[in-house]
Amino acid sequence: MMNAPQSRHSHDNLFATLRPLIKLDARHLVVLVALVLAVIDRRTSVLNSLKTHVHLPGSAEVRKQRLKRFVRCQLPDNLLIHLVIPLLPQGDIELTLDRTNWKFGLLDINFLILGVYWNGVSLPLLWTLLPHSGNSNHVERCALLDRFLAEFRLYSKTYRIIGLLADREFFGKPWFKFLRRRKIPICIRLKSDTRVNGKPIHLRFQHMKPGQAWSHSAYRVSVYGVKVCLAACLTPTGQMLYLATACVVPERALAQYARRWGAECLHQALKGRGLHLEDTHLVHPERLSVLLTVLSVALIWCCLTGELHAEEVEIKILKHGRAEKSLFRHGLDAIQEAIKNFGDGTLERFVELFAVCIPWKTRVQLSRNPF
């Protein structure tokens, strides 16, 4: 752990950078920044463990009570949307929708998370903590998308949604019709018994051979009451993959759907292979949501850092052709090492990565008066 002067300096730098981006009361932002640094340094989400590592004044018990008060506060619903979207290259973006869940004793904790694909991972934008186990229903999904679209209007001139990537659990006529009304192109996997023009989809693709990709012509089939393209592929393992998509070219549709794996990478980063969200003892929905916001800010910073650090320290490619570690893990390791070796300017450089999404005029004002 850093000594007090080093911690204070790192905390102040990150606070000054995030203050124009995250519209929070300064007292809450101070705690959020302290938690982001501590979560990355200790790789845990357990508040009782973090109380001795957050750079906040007072005794360990005083810090613990301050953390408890923080997770009881209400954070803006749009906080991550306005942090993440400006980080993306202007143009086409792809949304991801998936669930992550775990059990705490007999209690099911079940998040429905909307994200946006970026460099192999889905960056979280918005979520709903479902009051039940298992799949979401169309009402919950539609409400989540409408919350996002209400904020996304601010970016509609510079960004265009070209796909919503989702797995087989996200099906149904009300859901598909909702996406059509909102003009959101889909790339959603279908179950084998999904009826297409009145017949199960698996009957249409019985001729498939391993590795072959095939599709119907554009807008010639009806799935859940909506005209879409179909794409299908028989994987080398013998598993059939069926997609409802806006893409006419099957290979392009399958390549787009492959990016849905970014949602799985997000879950891994938030949980067992990264920040260990599931280790928390919090169960109250609002408090869990605040904690997830903290971990999401940490994750976004790690991903940005990983991209920069990979330009300087190349990520090793293993024999099977995959990278040894993700950009998130590369960034997590780099920030943790920079915290440990504070003083060489590396941590300050990583902090400045957030500044790329500050508008130019704001950036000039910040250089004159960071607070």
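Note that the structure is predicted; figures quoted are calculated from it, not measured.

Undergrad: Which residues make up the overall build of the protein chain, and what values go with them?
TA: A tally of helices and strands in the protein chain yields 13 helices and eleven strands. Burial status across the protein chain gives 51% buried among its 371 residues. For the protein chain, restricting intrachain contacts to residue pairs at least 6 apart in sequence, the fraction spanning at least 24 positions comes to 60%. Carbon and sulfur atoms provide 52% of the accessible area of the protein chain, an area that totals close to 17600 Å².

Undergrad: How would you sum up the packing of aromatic side chains? Please name residues and give values.
TA: Overall, the coordinates contain eight aromatic pairs when judged by the stated rule. Here Tyr 155 and Tyr 159 contribute two aromatic rings whose centre-to-centre distance is 6.3 Å and whose plane-to-plane angle is 75°, an arrangement assigned as edge-to-face. According to the relative accessible area criterion, Tyr 155 is buried, its value standing at 14%. Between the aromatic rings of Phe 176 and Tyr 224, the centroid separation amounts to 5.0 Å while the plane-to-plane angle is 65°, which identifies the pairing as edge-to-face. With Phe 176 in helix H7 (residues 173–181) and Tyr 224 in the loop between strand E9 (221–223) and strand E10 (226–234), the pair connects residues that are 48 residues apart, well separated along the chain. Among the aromatic side chains, those forming a connected cluster through ring pairs are Phe 171, Phe 176 and Tyr 224. The ring of Trp 175 has Arg 141 sitting right over it, with the charged end atom 5.5 Å from the ring centre.

Undergrad: Can you break down the environment of His 53 residue by residue, with the values?
TA: With respect to the secondary-structure elements, His 53 resides in the loop between helix H3 (47–50) and helix H4 (60–71). Distance from His 53 to Leu 37, taken between C-alpha atoms, is 8.8 Å for residues 16 residues apart in sequence. Among the polar contacts listed, one links the side chain of His 53 to the side chain of Thr 52, at a separation of 3.4 Å.

Undergrad: So what about the side chain of Thr 96? Which residues, and what values?
TA: With respect to the helices and strands, Thr 96 occurs in strand E1 (residues 91–104). Of the polar contacts made by the side chain of Thr 96, one reaches the side chain of Ser 122; its length is 2.6 Å. Setting aside chain neighbours within four positions, we find Thr 96 in contact with Ile 113, Leu 114, Gly 115, Val 116, Ser 122, Leu 164, Leu 165 and Ala 263.

Undergrad: So, the side chain of Thr 305: which residues are in play, and what are the values?
TA: Position of Thr 305 relative to the elements: it lies in helix H10 (residues 285–312). If near-sequence neighbours (up to four positions away) are discounted, Thr 305 is found in contact with Gly 331, Ala 334, Ile 335, Phe 350 and Leu 353.

Undergrad: I'd like a description of the pattern of salt bridges, backed by residues and values.
TA: The tally for this structure, following the rule as stated, stands at twelve salt bridges. Residue Asp 92 is joined to Arg 160 by a salt bridge in which the shortest nitrogen-to-oxygen separation is 3.1 Å. Of the two residues, Asp 92 is situated in strand E1 and Arg 160 in strand E4 (residues 159–166); the sequence distance between them amounts to 68 residues. Note that Arg 329 and Asp 333 form a salt bridge whose closest N and O atoms lie 3.3 Å from each other. In this pair, Arg 329 and Asp 333 are both assigned in helix H11 (residues 327–340), four residues apart and thus about one turn of the helix distant. Here the salt bridges do not stand alone but share partners, grouping Arg 43, Arg 329 and Asp 333 into one network.

Undergrad: Help me get a handle on a nonpolar patch on the surface, residues and values and all.
TA: Nonpolar side chains collect at one region of the surface, where Phe 104, Leu 107 and Val 283 lie side by side and expose about 220 Å² of accessible area between them. Along the chain, Leu 107 turns up in strand E2 (residues 107–118). Residue classification places Leu 107 among the partly exposed positions, given a relative accessible area of 37%.

Undergrad: Explain unusual backbone geometry residue by residue, including any values.
TA: Despite not being glycine, Asn 119 has its phi angle at roughly 50°, a positive value. Take Asn 119: it is sitting in the loop between E2 and strand E3 (121–129). Notably, Asn 197 is not glycine yet its phi reads approximately 50°, a positive angle. Among the secondary structure elements, Asn 197 is positioned in the loop between strand E6 (195–196) and strand E7 (199–200).

Undergrad: Mind laying out the packing of helix H9 (residues 261–270) against H10, listing which residues take part and the relevant values?
TA: The interhelical angle for the contact between H9 and H10, taken along N-to-C directions, is 110°, at an axis separation of 11 Å. Put simply, H9 runs roughly perpendicular to H10. Only Leu 292, Leu 295 and Leu 299 of H10 make contact with H9, whose side of the interface consists of Leu 266, Ala 269 and Leu 270. The residue makeup of the contact of H9 with H10, split by class, is six nonpolar, no polar and no charged.

Undergrad: Hey, could you go over the nonpolar core for me, with residue numbers and the actual values?
TA: In this structure, Ile 22, Phe 70, Phe 148, Trp 175, Ile 300, Trp 301 and Phe 354 are the most contacted members of the largest nonpolar core, which totals 119 residues. Here this core takes 15 residues from H10, the largest share from any one element. Core analysis: the second largest hydrophobic core is formed by ten residues, Cys 187, Cys 233, Leu 241 and Leu 254 among them.

Undergrad: Outline the pairing of E1, listing residues and values.
TA: Sheet topology places E1 next to E4; seven bridges connect them, and they run parallel. Directly across from Ile 93, in E4, lies its bridge partner Ile 161. For E1 and E2, the ladder comprises ten bridges, and the chain directions are antiparallel. Across the sheet, residue Phe 104 finds its bridge partner in E2, namely Leu 107.

Undergrad: Provide a residue-level description of helix H8 (residues 250–258), including the pertinent values.
TA: Every buried residue of H8 is accounted for by Pro 250, Ala 253, Leu 254, Gln 256 and Tyr 257. The arc that holds every buried residue of H8, seen down its axis, measures 160°, which confines them to one face.

Cut-offs applied
- Residues numbered from 1 in each chain as written.
- Predicted model: local features only at pLDDT ≥ 70, side-chain atom pairs only at ≥ 80, totals over all residues.
- Heavy atoms only, no water.
- Helix = DSSP H or I, 4+ residues; strand = E, 2+ residues; numbered from the N terminus.
- Buried < 20%, exposed > 50% of the residue type's maximum accessible area, 1.4 Å probe, protein only.
- Contact = heavy atoms within 4.5 Å.
- Areas by Shrake-Rupley, 256 points an atom, 1.4 Å probe, with all protein chains shown as cover.
- Phe/Tyr/Trp six-rings, centres within 6.5 Å; stacked < 30°, edge-to-face > 60°.
- Lys NZ or Arg CZ within 6 Å of the ring centre and 35° of its normal.
- Polar contact = N/O pair within 3.5 Å; in protein donor to acceptor, adjacent residues only side chain to side chain.
- Salt bridge = Lys/Arg side-chain N within 4 Å of Asp/Glu carboxyl O.
- Patch = residues over 30% accessible without salt bridge, like charges linked within 9 Å, V, L, I, M, F, W, Y side chains within 5 Å.
- Axes fitted to C-alpha atoms, helices over the stretch in contact; angles between N-to-C directions.
- Parallel < 35°, antiparallel > 145°, perpendicular 65-115°, else oblique.
- Nonpolar A, V, L, I, M, F, W, Y, C, P; charged D, E, K, R; others polar.
- Core = buried A, V, L, I, M, F, W, Y, C linked by side-chain atoms within 4.5 Å.
- Pairing = 2+ DSSP bridges.
- Arc of directions from axis to C-beta.

Fair warning: the whole summary comes from geometry, so function is off the table for now.
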